[in-house]
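Observations on chain architecture
Given next are the chains, with one letter for each unit.
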Amino acid sequence: MELFVKSRVREFLCFEMALRIEVFWMAVGQELVVHPFSPVVDGHSRVLILGSLPSVKSRENHFYYGHPQNRFWKVLAGVCQAEVPVSVEEKKAFLLANGIAVWDVIASCRIVGSSDSSIRDVAANDVAGLLQDSRIEAVFCNGTKSWELYHRYCEKACQREAGKLPSTSPANAAWSPERLIKSWGEALLPYVGPGRKG
């Protein structure tokens, strides 16, 4: 009887603690977010660029790097010497024409707004499965946070390291667009562009 009571008390305390944690995260504005997009990839993709998770603006705009101040599309266009794509369909066509695949490390997590520092309870995407079914030769992460997440959750299964590129986020104001294009170009040009398609 005593063991039964102790067991029930432990169950109650665990439940109460879990409830308090959930209430805390709700109080600070943290929500469960499930990744809403499929990866952009095809048989011609040679390089995979990983972010952490689509921002609030990206989710509102229904595609990767949808924040108007994120330099991602301008930087890639500069690297590939192409016009900056505008619509979702133009962005998809641009990526595939230049051998670039795009996805994110996180499949779901708890997060406050778009704050990478608030990410908790991460479930990772099956990046290893994507690589296995593709002709991708190299993996790069857009910024330190995505690189850290890849290293923690994906690298072992993928059996390959990822390069860390400077973030195109507007928060990375120390890097000008020109400097980003130069750094990204040095890493990506061996793999991207119409000349690599085959």
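Everything below is about the structure shown above.
Right, let's walk through the structure included here. (Residues numbered from 1 in each chain as written. Predicted model: local features only at pLDDT ≥ 70, side-chain atom pairs only at ≥ 80, totals over all residues. Heavy atoms only, no water.)

Things to note about the overall build of the chain
When you go through the chain residue by residue, the secondary structure sums to eight helices and seven strands. The 198 residues of the chain split such that 43% are buried. Here the analysis covers contacts within the chain between residues at least 6 apart in sequence; of these, 66% occur between residues at least 24 apart. Here the chain has roughly 11100 Å² of accessible surface; of this, 56% comes from carbon and sulfur atoms. (Helix = DSSP H or I, 4+ residues; strand = E, 2+ residues; numbered from the N terminus. Buried < 20%, exposed > 50% of the residue type's maximum accessible area, 1.4 Å probe, protein only. Contact = heavy atoms within 4.5 Å. Areas by Shrake-Rupley, 256 points an atom, 1.4 Å probe, with all protein chains shown as cover.)

Things to note about the sheet that holds strand 1 (residues 30-34)
Strands sit in the order 1-4-5 across an open sheet of three strands; the sheet is antiparallel. Either end of the sheet is taken by a strand with one partner, and the two such strands are strand 1 and strand 5 (120-124). For this sheet, the mean angle separating the axes of adjacent strands, direction not counted, is 15 degrees. Examined bridge by bridge, strand 4 (residues 106-112) and strand 5 share three bridges and lie antiparallel to one another. By the bridge assignment for strand 5, serine 108 is matched with alanine 123. (Pairing = 2+ DSSP bridges. Axes fitted to C-alpha atoms, helices over the stretch in contact; angles between N-to-C directions.)

Concerning unusual backbone geometry
Working note: non-glycine residues mostly have negative phi, and peptide bonds are mostly trans. Positive phi is not limited to glycine here, since histidine 62 has a value of about 65 degrees. Its location among the elements puts histidine 62 in the loop between helix 2 (56-61) and helix 3 (72-80). A relative accessible area of 58% means that histidine 62 is categorised as exposed. One non-glycine residue, aspartate 121, lies in positive phi territory at about 55 degrees. Residue aspartate 121 is classed as exposed on the basis of its relative accessible area, which comes to 53%.

A closer look at the packing of helix 3 against helix 8 (residues 177-188)
Interaxial distance between helix 3 and helix 8 falls to 9 Å at its minimum, and their mutual angle equals 60 degrees. Here helix 8 runs oblique to helix 3, going by the angle between their axes. For the pair helix 3 and helix 8, the sense of crossing is right-handed. Across the interface between the two elements, Phe72, Lys74, Val75, Leu76, Gly78 and Val79 of helix 3 pack against Leu180, Ile181, Trp184, Gly185 and Leu188 of helix 8. Here the contact of helix 3 with helix 8 is built from residues that sort into eight nonpolar, two polar and one charged. (Parallel < 35°, antiparallel > 145°, perpendicular 65-115°, else oblique. Left-handed = near helix turned anticlockwise from the far one by under 90°. Nonpolar A, V, L, I, M, F, W, Y, C, P; charged D, E, K, R; others polar.)

Details of the pattern of salt bridges
As enumerated under the stated definition, the model contains four salt bridges in all. Lysine 57 is the salt-bridge partner of glutamate 60, the closest N and O atoms lying 3.7 Å from each other. Highlighted residues: glutamate 60 and lysine 57, both in helix 2, separated by three residues, approximately one helical turn. (Salt bridge = Lys/Arg side-chain N within 4 Å of Asp/Glu carboxyl O.)

Some thoughts on the nonpolar core
Counting residues in each nonpolar core, the largest one holds 48 residues, and the members touching the most others are Leu48, Tyr150 and Trp184. Among the elements that take part in this core, helix 3 stands out by supplying six residues, more than any other. Apart from residues lying up to four places away in sequence, tryptophan 184 is in contact with Ile49, Phe72, Val75, Leu76, Val79, Asn142, Leu165, Pro166 and Thr168. (Core = buried A, V, L, I, M, F, W, Y, C linked by side-chain atoms within 4.5 Å.)

Things to note about the sheet that holds strand 3 (residues 100-104)
Taken together, four strands build an open sheet; the order of strands is 3-2-6-7 and the sheet is parallel. Each end of this open sheet is capped by a strand with a single partner; those strands are strand 3 and strand 7 (163-165). Across this sheet, the average inter-strand angle for adjacent strands is 30 degrees, counted without regard to direction. Relative to the sheet, helix 6 (residues 144-153) contacts strand 2 (47-51), strand 6 (138-142) and strand 7, its axis offset from that of strand 6 by approximately 130 degrees.

Overview of the environment of serine 117
Here serine 117 lies in the loop between strand 4 and strand 5. Among the residues examined, serine 117 registers a relative accessible area of 60% and is labelled exposed. Sequence separation of serine 117 and lysine 145 is 28 residues, and the distance between their C-alpha atoms is 8.4 Å.

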